[in-house]
Amino acid sequence: MTGSSAETLYSKLSLLLGPFKATAGFTSLLLRCQMATCLEITGKHHLVEAREICAVIKNLSAMDKKTVNEMDADSVLASLKQLSDRQSEMSWSGLIKKAHFRRVLISPVIRTCFHFLFSEDGVVARASFYALKVLIGCSQEICEDAALSLNDSTESWEKLVEQSIVPLIRSGVCCKEQSSRRFFILLVAEVAKVCGSTQSPHLFGDLRILQSKDEPDLDFFLNITHVQIHRRTRALNRIRKQLLADDSEEGMFSLQSLAGILFPIILHPIYESKTKLEEPLAMEAIATIGAISRRLPWKKFHDELWTLLVQINRQNEQERYIIGAICAFLSGFHFDVGDPYQTLNEGKGSVVWKALDTRVIPRIEELFTKEKTGKKGEKIGVVRPQVILGLSELYRNLPDGVLQRKLPRLITVLSDALKCHDSSSRDMARSTLAKLAVDVGPTFLPDILRELAVTLKEGYQLHVRAAAVHSILLQTWEARFSPETCTACEEKVSIDGSVPALMDLIQQDIFGSAQERRDAEFSQVRYVKEAGGSKSLHSIELIALMINIDTEASRSSEANLPCGSVYCLVSPLLNRILLENQSLKQLRQVKECLARVVQGLSKNRNFSSDAILPLVYSTIQPCIRQDSSGDNDGTVSSVDLTAADKNRGAVVEWRPSHAGMSGTAVGAREEKILSERSQRKVADGSDAPKLTGSWRRNTLITSTKALDDPTSAVAVLFGLQLLRYALRNKSRSNDSRQLDPFVPLLTECICRYRDSEAILLAMRCLGDIRSAESNLPSFNLSSKVLASKTLELLVGFGGNEEMLQASFKMMTYLMEVPRSSETMALNEEQMELLLSFVQTSLANAAQHNPAMSLIRALVARRVISPGMYDLMETVAKMAIQSHKETLRKQASDIYIRFLISYPISAERMVKELKQLIVNIQFDGVEGRHAAISMVASVIAKFPDPVIAEQSKLFFLPLTMQLVNDESEKGRRAVSECISTLLSRLSTDLLQSLFDYAVAWGSSSDHRLRRASLSVLGLFVDSCGVFLNVDVNLNEIIRLALDSLDKSTDWELVYCALLLVEKANAKWPGTIAGIRLLWLKIVDCLSGLHPWVNLVSLRLVWQHLQSMDPSSFVQDKTETFLQQPGNLFKVTHALCSFLDCDDEELNDDALAFVVKGLTFSLKASTQFPQLCFAVQDDGHEASRGNPVKWLLTRLSQIAKPKGPKRRQAVFKCFAAFAKYGDGVVFDHLELMIEPLHRVERETKNEIENVPQRAVDIASEEAQVALDVLHLLEQHCSPYDKFVDAYGAVKQRAHETKMKRSEDTKAEAARDLRVAAQKKVDKQIREKERRKRRVSERAEFRERKFRRKHS
């Protein structure tokens, strides 16, 4: 074999040893061993300078002699460590020197190391990664030394990295295995770090800006390889923002970095995201791909887009994310295509447009729809919304003519999809059409409506068309007119040009054949779901919400309706009122349509009360005034409210002759018959024969001027509704000329109108006017008439609850007379009648709220009456006994105000206060809370002398209630009540009450002692200045020390700890110096009760965080930790707190434990002598290593299964590694062992249940992997971590093998025991299978719920 052929064979074998594309390549150990042997023979006989390299390859491919088909891990790890050791002859530097810097000779070692990155053995993969990292980091120095020693400068280190390392890295970042891909991405970071100053674009020097050495949380490469999903999402978000913020033409990244590294890395979440938790990561990846696509040249843009188009049919499970990536590409289209249609007509055109028009767009159009199987097995076409919307966005980025020519195709596809019989397919097409209408703008809305009218024109399609119109309007409002988006939308958008077409389609749905199909009786028609609801009515509201209101036309006195779009909206509905033979149902529909118009106009951004009020007046005034003028002769008008008659009085005389009627009964009857005949009409025309039946003449001629006529009522209600919304939106103004004319008009409507809905609206409008302008002259003139009419409506409301509430509110407004006026709208007799009715109304639950508002107004007006005092007794009972919280609150406020403002004798006041105190023992929990709130209000609002005089009346019952109340909410309310009482008392009174509490603390009754501790805690909170006296503070500390005994009741200990916590927050320096107290608190960390443990843990952490663990001894901080041995007691107690079942742990407690143990670790490292107590003879106890003891204890705690406990231990390890100054890395195996155990258990679970592998990635395993990466990152030197990890894995493997051997030996010694174990194992396996079946069923059920939610 010649030298050239040997070198060729050598290079070919080198290629076979390395990875192949994005896979590990040849993984057979036997085959790799044989290839290493071939290399060894070739190097021995033909390539002398490659002998040492071949020996290294032989060691890297060695197989274990003890086991079958396993590598010799010791030999492999030893060779990899030698490669990283600069002093070894088998290091990278030594091999390069011996190879005379020929890359072809060193290539097998490099490619073998890259192959090991795919290994499932984490130790081998990490050792290979560190070896390659050393090669990259020292490549410049190694190559320069080799070149100088060989006097050869033809090869540079840049070529070594660029030609031997970078190609493998670029293929490796595309691998599907996440653990292996992590190493390749970190190698990219190392290359970018080393080659940051080079000019070659293939060395990723521009990616150096993505690294952050000082802040690892901002490092892109560390975050994108992080085990936590939110960290990877953050990395993608950061790079996306950097790409979008870059305005330079060249860009911050080269094409090689974007297309070769970043794009493959970001593409992985799109193909790999399977669960709901990974959805944010995939969405962020899609957005980042869109940002990258804006920087790609056309060829790369086209290739990557075409790859995604091809992958849709290959990866159906990831279709959603792939289509999202395609749409991101289309949105990032940034190429100039010129004038495409003009150049095509001339036979020319850009390459970009030709590729788009002939290849890309047709391929995307094929993806508009997809087939799915229906419920009966039929094939159904379903649209892909993202594809259609993405293509429309591409059309908008192209010249204007493209959108005009291509858009009809998209509209036709969606309109045809709306004809599908499958409801889900129609829903998707409808939502897509709505989004498309928003994207292209209102300019193309008439085209969309025209296509809908042509395509959907019969049967169920009419309902689908109405639903589509509603979806378009709703989507347009949400995108351009809603409060959240209207400020951000700078473009002036108007749908006025489409209002006639929209109203035409809506009227066809409401009044046409579609409504007839809904109303048809005994029909066999199967309705689609779009037929339900009131979508067309909501569509009318949306139109009114979005149209532009012509305020100038609305101010004109010649027009009753605004011109333009408002006229187009309202006039079709008003014209329907004037049609003859309108049924009541049709009138109700028109009425509902007009009500929706009012709702929409009131929410319109252009809505102006000043412009609408004249329109409302001109709409209402003719209807009411015409009826009033027609009835002037025969109807009583209790008050004349016209401007011309105000000075003539309100009383009129009624006589039959005044109305022009006959004075006798016979004459009146004859006039009535003649009037009825004149009002009859012929049903089939005036020219019909007269003697054809009387039934044809039974139809009365309706008067369009009648106030109670249904057609007139619709117009009046429309005006009143619009008036009410106008009043709500009107700002307060000094000019009352606009509102003053409405008061007599609305008063006349209330007094004369018989329609309850109109009266109700009129009363509400008057209430709004009263709220806006309280000093209107017309309102004061009408108050007595309104009061009498309102009282009449209250007494005879007839079960109409809304009318009753409106009447109550009106009476409330009338009671709230301005301060300048002292007249009452009701006399004494009417007031007594009103009070009796209010008291009766309190018994009805539906009348509580309006009645309470009226009572509040009466109390504010200080109405002095015997009925008022009787009414307050009922209110006081309701404040306690009512089942409604809001009603209890209202009654309580009213009663407290009554006690404060009304004249009450001293004896009755004491009686009332005693009754309030008695009420705090009410049986019902809610009533008891209300009573406590009332007492608190009395204490807060009554004068100081009254509170001081009655202090003991309040203090003793409240203290007893604090102990006896079983409700936590009640105890908290009582505590606040007592705190308020203490804050309002003088020092002498406080001292006397304090003495009471201290005396209770010395009692043998635990209940009194708990009451004492609780009340003393309130003294600490409310009377800190009072307790600054040493005597009082010492008493508190003495009582706390007496109660902190583990043999006593846990509730007593809990109250004592709460008292100490409050005192420590108030006087931290004083409490910190009481060493005996803190030792007892540390003893309470375990045992007794979880509440006691949590409070003591919180106290200990509050004390620890007030000190610096590295200098509290030198600073001579006052703490019990200064005494030797106490630091170990704290550490031992914290570990004991952690060593319990998961059910007893909570997140807050675990956070305190992690922080406390981190403090203990730092303090033990800095002052180890504090961990060892001094014995009685004066000598210290035998010393050990406190850090090792702590890590060993935590490692033992993490052995039993328990997610919360294990995660807490792992978080301790992470905190130790990050803040422990590296002292824990001397005991690395103690931390890696529980982490590896969790990793092994998770792997076994996944292998046993492969179909649920995606769903069982527990948080515990993620935390363990995250902590393992953190230890690896902070451990220095790197070989320490590899050695520790390898030792832990080897020890676990040996333990497993020994257990297997012991099992076999035991089976050989006693067959009966072995058989029984097999039986037990089979039973456990059956139970496990049953459990897995139930878990799979639960998993399918959860998946079904997520899919259909």
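Residues numbered from 1 in each chain as written. Predicted model: local features only at pLDDT ≥ 70, side-chain atom pairs only at ≥ 80, totals over all residues. Heavy atoms only, no water.

Caption draft 1: Quick look at the overall build of the protein. Looking only at helices and strands, one finds 60 helices and 4 strands in the protein. Buried residues in the protein amount to 48% of all 1349 residues. Pairs at least 24 residues apart make up 69% of the contacts formed inside the protein by residues separated by at least 6 positions. (Helix = DSSP H or I, 4+ residues; strand = E, 2+ residues; numbered from the N terminus. Buried < 20%, exposed > 50% of the residue type's maximum accessible area, 1.4 Å probe, protein only. Contact = heavy atoms within 4.5 Å.)

Caption draft 2: Local environment of the pairing of strand β2 (residues 379-383). Strand direction decides the pairing type here: strand β1 (residues 369-373) and β2, joined by 5 bridges, are antiparallel. Bridge pairing in β2 links Lys370 to Val382. Taking the residues that link successive antiparallel strands as the turn, the β1-β2 hairpin has 5 residues, and the phi of Gly377 there is positive, at about 90°. (Pairing = 2+ DSSP bridges.)

Caption draft 3: Just helix α54 (residues 1147-1166), in detail. With 20 residues, α54 ought to run about 28 Å at 1.5 Å a step, and its terminal C-alpha atoms sit 29 Å apart, in line with that. The N-cap residue of α54 is Asn1146: its side-chain oxygen and the backbone nitrogen of Asp1148 are 3.3 Å apart. (Expected span 1.5 Å × (residues − 1). Polar contact = N/O pair within 3.5 Å; in protein donor to acceptor, adjacent residues only side chain to side chain.)

Caption draft 4: Structural detail: the side chain of Glu1061. Tracing the chain through its elements places Glu1061 in helix α49 (residues 1050-1066). The exposure class assigned to Glu1061 is buried, which follows from its relative accessible area of 13%. Setting aside residues no more than four positions away along its own chain, Glu1061 makes contact with Val1095, Arg1098, Leu1099 and Gln1102.

Caption draft 5: Main features of the pattern of salt bridges. As enumerated under the stated definition, the model contains 52 salt bridges in all. Note that Glu873 and Arg908 form a salt bridge whose closest N and O atoms lie 3.9 Å from each other. With Glu873 in helix α39 (residues 866-881) and Arg908 in helix α41 (residues 906-919), this pair connects stretches of sequence that are 35 residues apart. Taken together, the salt bridges that share partners define one network made up of Arg426, Asp427, Arg430, Lys529 and Glu530. (Salt bridge = Lys/Arg side-chain N within 4 Å of Asp/Glu carboxyl O.)

Caption draft 6: Structural detail: the side chain of Gln589. Looking at where Gln589 falls in the secondary structure, it is placed in helix α29 (residues 584-602). Relative accessible area serves as the criterion here: at 16%, Gln589 is assigned to the buried category.

Caption draft 7: Highlighting a nonpolar patch on the surface. On the surface, Leu16, Phe26 and Leu31 cluster together to form a nonpolar patch covering roughly 220 Å² of accessible area. For Phe26, the location among the structural elements is in the loop between α1 (3-17) and α2 (29-45). Residue classification places Phe26 among the partly exposed positions, given a relative accessible area of 38%. (Patch = residues over 30% accessible without salt bridge, like charges linked within 9 Å, V, L, I, M, F, W, Y side chains within 5 Å. Areas by Shrake-Rupley, 256 points an atom, 1.4 Å probe, with all protein chains shown as cover.)

Caption draft 8: Quick look at the packing of helix α19 (residues 385-397) against helix α21 (residues 423-440). The interhelical angle for the contact between α19 and α21, taken along N-to-C directions, is 15°, at an axis separation of 10 Å. Of the possible angle classes, the one that applies to α19 and α21 is roughly parallel. As α19 runs across α21, the sense of the crossing is right-handed. Between α19 and α21, the residues in contact are Pro385, Ile388, Leu389, Ser392 and Arg396 and Met428, Thr432, Lys435, Leu436, Asp439 and Val440, respectively. Here the contact of α19 with α21 is composed, by residue class, of 6 nonpolar, 2 polar and 3 charged. (Axes fitted to C-alpha atoms, helices over the stretch in contact; angles between N-to-C directions. Parallel < 35°, antiparallel > 145°, perpendicular 65-115°, else oblique. Left-handed = near helix turned anticlockwise from the far one by under 90°. Nonpolar A, V, L, I, M, F, W, Y, C, P; charged D, E, K, R; others polar.)

Caption draft 9: Quick peek at the packing of helix α4 (residues 73-84) against helix α7 (residues 122-137). Look at α4 against α7: their axes get within 8 Å of each other, and the N-to-C directions meet at 20°. Relative to α7, the element α4 is oriented roughly parallel. The crossing of α4 and α7 is left-handed. Only Val123, Val124, Ala127, Ser128, Tyr130, Ala131 and Val134 of α7 make contact with α4, whose side of the interface consists of Val76, Leu77, Leu80, Leu83 and Ser84. For the contact of α4 with α7, the per-class residue count stands at 10 nonpolar, 2 polar and no charged.

Caption draft 10: Seen up close, helix α46 (residues 987-1001). In this model α46 runs 21 Å from its N-terminal to its C-terminal C-alpha over 15 residues, within 8% of the 21 Å that 1.5 Å per residue would give. Here α46 has its buried residues at Leu990, Leu993, Phe994, Ala997, Val998, Trp1000 and Gly1001. For α46, the angular spread of the buried residues around the axis is 155°, confining them to a single face. (Arc of directions from axis to C-beta.)

Caption draft 11: Up close: unusual backbone geometry. Residue Pro1277 is reached from Ser1276 by a cis peptide bond, and omega for that bond is 0°. By the element assignment, Pro1277 lies in the loop between α58 (1259-1274) and α59 (1278-1309). Despite not being glycine, Phe204 shows a phi value in the positive range, around 60°. Counting through the fold element by element, Phe204 comes out in the loop between α10 (178-194) and α11 (220-224). The phi angle at Arg862 is positive, at roughly 55°, despite the residue not being glycine. In this structure, Arg862 sits in the loop between α38 (848-861) and α39.

Caption draft 12: Seen up close, the packing of aromatic side chains. Evaluation of the coordinates by the stated rule reveals 31 aromatic pairs. Cluster of aromatic residues (ring-pair linked, three or more members): Phe263, Trp298, Phe301, Phe329, Phe333 and Phe335. Residue placement shows Arg359 over the ring face of Trp306; its charged tip is 3.8 Å from the ring centre. The ring of Trp306 carries Arg363 above its face, with NZ or CZ at 5.3 Å from the centroid. (Phe/Tyr/Trp six-rings, centres within 6.5 Å; stacked < 30°, edge-to-face > 60°. Lys NZ or Arg CZ within 6 Å of the ring centre and 35° of its normal.)

Caption draft 13: Geometry of the state of the cysteines. Counted under the stated rule, the structure contains 0 disulfides. Cys175 supplies the cysteine sulfur nearest to Cys174, a cysteine that is in no disulfide, at a spacing of 8.1 Å. We classify Cys174 as partly exposed; its relative accessible area is 34%. Free cysteine Cys751: the closest other cysteine sulfur is in Cys749, separated by 9.4 Å. (Disulfide = S-S within 2.5 Å.)

Caption draft 14: Spotlight on the environment of Leu281. Within the fold, Leu281 resides in helix α14 (residues 279-293). The exposure class assigned to Leu281 is buried, which follows from its relative accessible area of 4%. For the pair Leu281 and Leu236, spaced 45 residues apart in sequence, the C-alpha separation works out to 8.1 Å. With sequence-adjacent residues up to four places away left out, Leu281 is seen in contact with Ile229, Arg232, Thr233, Leu236 and Pro269.

Caption draft 15: Main features of the confidence of the model for the protein. Residues with a pLDDT of 70 or more make up 85% of the protein, whose mean pLDDT is 81. At the low end of the mean pLDDT range in the protein sits strand β4 (residues 699-700), at 42; at the high end sits α14, at 93. Here residues 487-491 is modelled with pLDDT under 50, and outside its nearest four sequence neighbours on either side it reaches 2 contacts, counting other chains as well. Below a pLDDT of 50 lies the segment residues 551-563, which in the model reaches 18 contacts outside its immediate sequence neighbourhood of four places, other chains included. (pLDDT = per-residue confidence, 0-100.)

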